[in-house]
Each structure stands twice: as C-alpha cells, then as structure tokens.
Amino acid sequence: MIFWQLFYTFAFIGSLAFGGGYVMIPLIDSQVVEKLHWLTSTEFADIVAIAEMTPGPIAINTATFVGFKMAGPLGSVIATIGVVVPSFIIVMILAKLVTRFSESPYLQAALGGIRPVVVGLIASAAWSFGAKTLVDLKSWILAGVMLLALVKTKISPILLIVASFVIGILFF
Amino acid sequence: MDNQKSVSLPKLFGIFFRVGAFTFGGGYAMLPIIQRELVDKQGWLKEEDFIDMIGLTQSAPGPVAVNSAIYLGYRLGGLGGAISSVLGAVLPSLLTIMAIAWALSRYNLELLNHAFAGVRPTVVSLITYAAWTMGKKVLKTPQKVVLTAISAALIVAFKLHPAVLIISGALLGLTLNGRASKEGSKS
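Bear in mind that the values here come from a model prediction, so they are computed numbers and not experimental data.

Turning our eyes to something else, we now look at the overall build of chain B. Each helix and strand in chain B was counted, giving seven helices and zero strands. Going from the N terminus to the C terminus, chain B shows its helices and strands as α-α-α-α-α-α-α. Within chain B, counting contacts between residues at least 6 apart in sequence, those at least 24 apart form 61% of the total.

Encoded structure:
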C-alpha cells in the first residue's frame, strides 16, 4: 500500500540523515529515483532547485513533493511525518538524557569541549556559504550591511530576510 | 529552563513556524531567529543552552531546524512542547511545497530567482552573526579559540562530518577537565 511505502521509505531516509541538508541528496536519489522510480532524475533535480529556493530543509521538501506526486495531499503529510519520526525519537531521547544529567560534571566537561567546536562549525558554514555566494561587490556590500544591522541593532532577522527579497528583486 | 510554567505551547508553535518559514540556505541561517526569540525576547533559554542544543542535535540525524524544534520544544514544554514546535517548524515547508507541486506552472520563477539572489548574501550574514554571538559567549580562553579555529579549518579543508568533531570535542573536554580538577585538588 502506497501510504505505508511512503512512510517507511522516508522514515528510512530520515534515520540516516546525519549532517542534514546536502548530505542527504545522494541518499534520497538512491532510494526514490534509482530503487523505487518514484521520480525521474530530471524531476529530482527540479526538486533540489525548488528546495534551494523555498524555505525548509531539503529532506522535508522532497518528502512533501514525492508524497504529493504519488498519493496527493495525504501522501505529502504521511511522507513528511515519516521523515521526521526518526529525528523526533532520537532527539527526544537526547533531550531527556541532558535534562536528567544536567548537573553531572562529566556532561558539563563534555559540553565545555563541544561549545568551541559548535562555534567552529557555524563559522565554517558561514565561510563555505560565503565562498559560493559573495561573488561580486554588491553581494559583499549587502552581506556587510546586513551583518552590521544584526550586530548593532535589534531589527528582527525575519525583517532583514524580507528586505533582502525586495533588494534582490530590485538590484540582483 | 527554570521558569517552565511561563512557556506557552501556542507561542512555541508560532516561534518555530516563523523559524520554518525563514529557513533558507541549509539550516544554520535560522539560528539567529531562534536566538532572538527564545534567548533575547522570551528569556526561556540561556545562550549556553542554545549552543549545547546545536552541538547535541547535530550529532543526531535530521535537519537542523527540525532537530532544534524537537530538542528545545521538549526541554521547554515536554512532549507537548516538542510536538507543537516540530509542527510549527515543518508546516511552512509542507504548505509551500504542496502549493508548488499543485500549481508548478503558475509560478513566476524568474522573479523568484532574483529574490533569492538577494537573500543569499544575507544568509551569509545571518550565519556569521550566529557564530559571532556564540563565540563572544564561549571563547574565553586561548585554548578554546584554538579549538574553534581547528574545527572550522578541518570542516572547510577536509569536509569532516560535524558529528566526528562534536564527539572529539566532548572527549577533549572530558580529558582536559579531568586533568584540571585533579590539579585543583592537589593545590
């Protein structure tokens, strides 16, 4: 039955989705395109492009799109629930453990080592994304102005994203 | 996390709905939105808890936005909090993609392309800002600055998986802290 198949295919993808985002593209490709033939490679390339342009994680976007194509709106919902369920279970267990052991000196020591790594992780994401994106003077200026606005003012990041849409339409 | 009673589920849903609606460029760009809402505005979360959340959820499978929603939702409001937050985080994508799948041809993709060309530089600023505010909080010793620089360099140069670095960071923290407390007890 298609609903069950959608659910477990996307739950399988969700359970292996370590590192999120672009790590998942080959994984989804091998399951949905090559094994099950639910999408052609062209359709999959289109979804990756759409996922880049629309909000939301690529795994969720692909699940929603494939679910819709195979079984309509209910298919969308079921495939999306499938892709989220493994994260839900694993992250809940992590959160439970952290809550229980929050006073432990070992957990605190481990977190003391994890925090600088997280800063490095995010900084490297900014670097990689910047290397792809900041290709001309106007993109550098826009990024600089936005960074200044974030650091120096209390303007909501959401407003800045909306402003960038408008600037993009007018100048890019 | 001390004042659990003031956390409202509809508010959590609303906050993560906005997070989901404005997640562009692979996840990390929405971190300042969570930061502003939960740390600065509501005061439900300390900056350290926020950083720990990223470290822990990035060692589990799943997108950053979804994992953050589940983790923070659970810690702030239990199972109900986790469900409200994850629904909020997922609904914007679900609705957008369903609309696109349903009416692909009606979209003016040319205009969308321009709009997204404008958003990309801002995504760089959002991610840089997240790193900057966290760095200010965390990097208080030279060792930590070095650890951050090495982690960033390893990811950029060798595309190491984040989970590998997070686990190494945890082990390093345990080793160094163990030694420090032994030295402390001697003196």
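This part is about the overall build of chain A. Secondary structure summary: chain A contains seven helices and zero strands in total. In chain A, the succession of α and β elements from N to C terminus is α-α-α-α-α-α-α. Taken over the C-alpha trace, chain A has a radius of gyration of 20 Å; the compact-globule value for 172 residues is 16 Å, which it surpasses by more than 25%. Overall size of chain A, expressed as C-alpha extent along the three principal axes, is 55 × 55 × 25 Å. Buried residues in chain A amount to 45% of all 172 residues.

Moving on to the domain arrangement of chain A. Note: interface size is frequently given as the accessible area lost on complex formation between the parts. Along its sequence, chain A is carved into domain 1 (2-100) and domain 2 (105-171). For domain 1 of chain A and domain 2 of chain A, the distance between their C-alpha centres works out to 26 Å.

What follows concerns the environment of alanine 49 of chain A. Looking at where alanine 49 of chain A falls in the secondary structure, it is placed in helix H3 (residues 41-53). Sequence separation between alanine 49 of chain A and leucine 36 of chain A is 13 residues; the distance between their C-alpha atoms is 21 Å.

Now for helix H6 (residues 137-152) of chain A. For an α-helix, the turn length of 3.6 residues means that residues three or four places apart are oriented alike. Residues and elements named next belong to chain A. Relative to the 22 Å expected for 16 residues at 1.5 Å per residue, H6 spans 22 Å between its end C-alpha atoms, a close match to the ideal helical length. Listed in full, the buried residues belonging to H6 are Leu142, Ala143, Met146, Leu147 and Leu150. Taken down its axis, H6 places every buried residue within 130° of arc, on the same side. With respect to the buried face of H6, the exposed residues turned more than 90 degrees away are Leu137, Leu148, Val151 and Lys152.

Before going further, it helps to spend a moment on the interface of chain B and chain A. Chain B puts 87 residues into the contact, and the matching count from chain A is 79 residues. Looking at the side of chain B that touches chain A, the elements that each hand over two or more residues are helix H1 (9-21), helix H2 (31-41), helix H3 (47-57), helix H4 (64-102), helix H5 (109-138), helix H6 (142-158) and helix H7 (162-186) of chain B. Among the elements that take part in the side of chain B that touches chain A, H5 of chain B stands out by supplying 24 residues, more than any other. Class assignment for the residues of the side of chain B that touches chain A results in 57 nonpolar, 24 polar and six charged.

Residue and element names in this part refer to chain B. Domain parsing of chain B yields domain 1 (4-137) and domain 2 (139-187). Taken residue by residue, the interface counts four residues in domain 1 and six residues in domain 2. Residues that form the side of domain 1 that touches domain 2 fall into these classes: no nonpolar, four polar and no charged.

What follows concerns the packing of helix H5 (residues 105-133) of chain A against H3 of chain B. Taken N-terminus to C-terminus, the directions of H5 of chain A and H3 of chain B make an angle of 85°; their axes are 9 Å apart at the nearest point. With respect to their mutual orientation, H5 of chain A and H3 of chain B come out roughly perpendicular. Residue-level inspection shows Leu111, Ile114, Arg115, Val117 and Val118 of chain A of H5 of chain A in contact with H3 of chain B, the latter providing Ile51, Asp52, Ile54 and Gly55 of chain B. Residue composition of the contact of H5 of chain A with H3 of chain B, by class: six nonpolar, one polar and two charged.

Another aspect to go through is the packing of H5 of chain A against H6 of chain B. To characterise two packed helices, one gives the angle between the axes of the helices and the distance between these axes. Running from N to C, H5 of chain A and H6 of chain B cross one another at 40°; their axes reach a closest spacing of 7 Å. Regarding the angle of H5 of chain A to H6 of chain B, the classification is oblique. Seen along the crossing, H5 of chain A lies across H6 of chain B with a hand that is right-handed. Contact residues: H5 of chain A offers Pro116, Val117, Val119, Gly120, Leu121, Ala123, Ser124, Trp127 and Ser128 of chain A, while H6 of chain B offers Lys144, Leu147, Thr148, Ala149, Ser151, Ala152, Ile155 and Val156 of chain B.

Definitions and cut-offs
- Residues numbered from 1 in each chain as written.
- Chains lettered and ligands numbered in written order.
- Predicted model: local features only at pLDDT ≥ 70, side-chain atom pairs only at ≥ 80, totals over all residues.
- Helix = DSSP H or I, 4+ residues; strand = E, 2+ residues; numbered from the N terminus.
- Contact = placed C-beta atoms within 7 Å.
- Rg over C-alpha atoms; globule rule 2.2 N^0.38 Å.
- Buried ≥ 20, exposed ≤ 12 C-beta atoms within 10 Å, placed from the backbone.
- Domains from an automatic or database assignment.
- Expected span 1.5 Å × (residues − 1).
- Arc of directions from axis to C-beta.
- Nonpolar A, V, L, I, M, F, W, Y, C, P; charged D, E, K, R; others polar.
- Axes fitted to C-alpha atoms, helices over the stretch in contact; angles between N-to-C directions.
- Parallel < 35°, antiparallel > 145°, perpendicular 65-115°, else oblique.
- Left-handed = near helix turned anticlockwise from the far one by under 90°.

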